[in-house]
Amino acid sequence: MPEVTIRIGGRPFNVACQEGEENFLHSAAKMLDDEAQVLSDQVGRMPEARMLLMAGLLLADKTAASEDRVKALEATLAERQAEVEQLRDAPKPTPERVEVPVVPQAVTDTLAELAARAEALASEIEEKAQT
């Protein structure tokens, strides 16, 4: 079992940990040391046990606030997931009916007749132009 020396509040501590957990221990020690440094800057020198207790309490307070935030975010996420499921399960909206006006057959016939006359006139003009 490896033994790691960490520094908290400027004081060295030898701590044993599981193989491969050294980096986690150093990270945790840095967090505790940062809190201890804040205390040291504000209050000055204090007994080791009190400094560690206060630094631990500050970290616990931050952890509790983070846990509250996580719970609030999880609740919001659950609400959003419920909304998504509700929308997914909702019946599809009925398609909107759009009516397109129909051109009366008489108008179509008249247009076809006019087109035929225009074609005939164009043919006559072409014949006269060739002669």
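Residues numbered from 1 in each chain as written. Predicted model: local features only at pLDDT ≥ 70, side-chain atom pairs only at ≥ 80, totals over all residues. Heavy atoms only, no water.

Caption draft 1: Structural context of the overall build of the protein. A tally of regular secondary structure across the protein gives three helices and two strands. Helices and strands in the protein line up, N terminus first, as β-β-α-α-α. A compact globule built from 131 residues should have a C-alpha radius of gyration of about 14 Å, whereas the protein, at 42 Å, is more than 25% larger. Once the C-alpha set of the protein is aligned to its principal axes, its extents read approximately 120 × 45 × 35 Å. Counting every position in the protein, which comprises 131 residues, the buried fraction comes to 13%. (Helix = DSSP H or I, 4+ residues; strand = E, 2+ residues; numbered from the N terminus. Rg over C-alpha atoms; globule rule 2.2 N^0.38 Å. Buried < 20%, exposed > 50% of the residue type's maximum accessible area, 1.4 Å probe, protein only.)

Caption draft 2: Representation of the nonpolar core. By size, the foremost hydrophobic cluster in this structure holds 14 residues, and its most contacted members are Ile6 and Ile8. Looking at this core, the elements that each hand over two or more residues are β1 (3-8), α1 (22-43) and α2 (48-89). Looking at this core, the element that brings in the most residues is α1, giving five residues. Leave out the neighbours within four places in its chain, and Ile8 touches Phe13, Ala29, Leu32, Asp33, Ala36, Met51 and Leu52. (Core = buried A, V, L, I, M, F, W, Y, C linked by side-chain atoms within 4.5 Å. Contact = heavy atoms within 4.5 Å.)

Caption draft 3: Broad picture of a nonpolar patch on the surface. Taken together, the side chains of Val103, Val107, Leu111 and Leu114 make up a nonpolar region of the molecular surface, amounting to roughly 360 Å² of accessible area. When you line up the elements, Leu114 lands in helix α3 (residues 105-130). (Patch = residues over 30% accessible without salt bridge, like charges linked within 9 Å, V, L, I, M, F, W, Y side chains within 5 Å. Areas by Shrake-Rupley, 256 points an atom, 1.4 Å probe, with all protein chains shown as cover. Salt bridge = Lys/Arg side-chain N within 4 Å of Asp/Glu carboxyl O.)

Caption draft 4: Broad picture of the pairing of β1. Side-chain alternation along β1 places Val4, Ile6 and Ile8 on a buried face and Glu3, Thr5 and Arg7 on a face that remains uncovered. Direction of pairing for β1 relative to strand β2 (residues 11-16): antiparallel, over a ladder of six bridges. Bridge pairing links Ile8 to Arg11 in β2. Hairpin connection, β1 to β2: the antiparallel pair is bridged by two residues, and Gly9 has positive phi, about 60°. (Pairing = 2+ DSSP bridges.)

Caption draft 5: α1, seen in detail. Compared with an ideal rise of 1.5 Å per residue, which puts 22 residues at 32 Å, α1 spans 31 Å between its outermost C-alpha atoms and is within 8% of the ideal. Looking only at α1, the buried set comprises Leu25, Ala29, Leu32, Glu35, Ala36 and Leu39. Buried residues along α1 cover an arc of 125° about the axis, so they all sit on one side. The exposed set on the far side of α1, more than 90 degrees from its buried face, consists of Asn23, Lys30, Asp41 and Gln42. Each element contacted by the buried residues of α1 is listed here: β1, β2 and α2. Positive backbone phi, approximately 95°, marks Gly44, located one or two places after α1. (Expected span 1.5 Å × (residues − 1). Arc of directions from axis to C-beta.)

Caption draft 6: Highlighting α2. Between the first and last C-alpha of α2 there are 60 Å, a value that for 42 residues agrees with the 62 Å anticipated at 1.5 Å per step. The set of residues buried in α2 consists of Met51, Ala55 and Leu59. Residues of α2 that are buried make contact with β1, β2 and α1.

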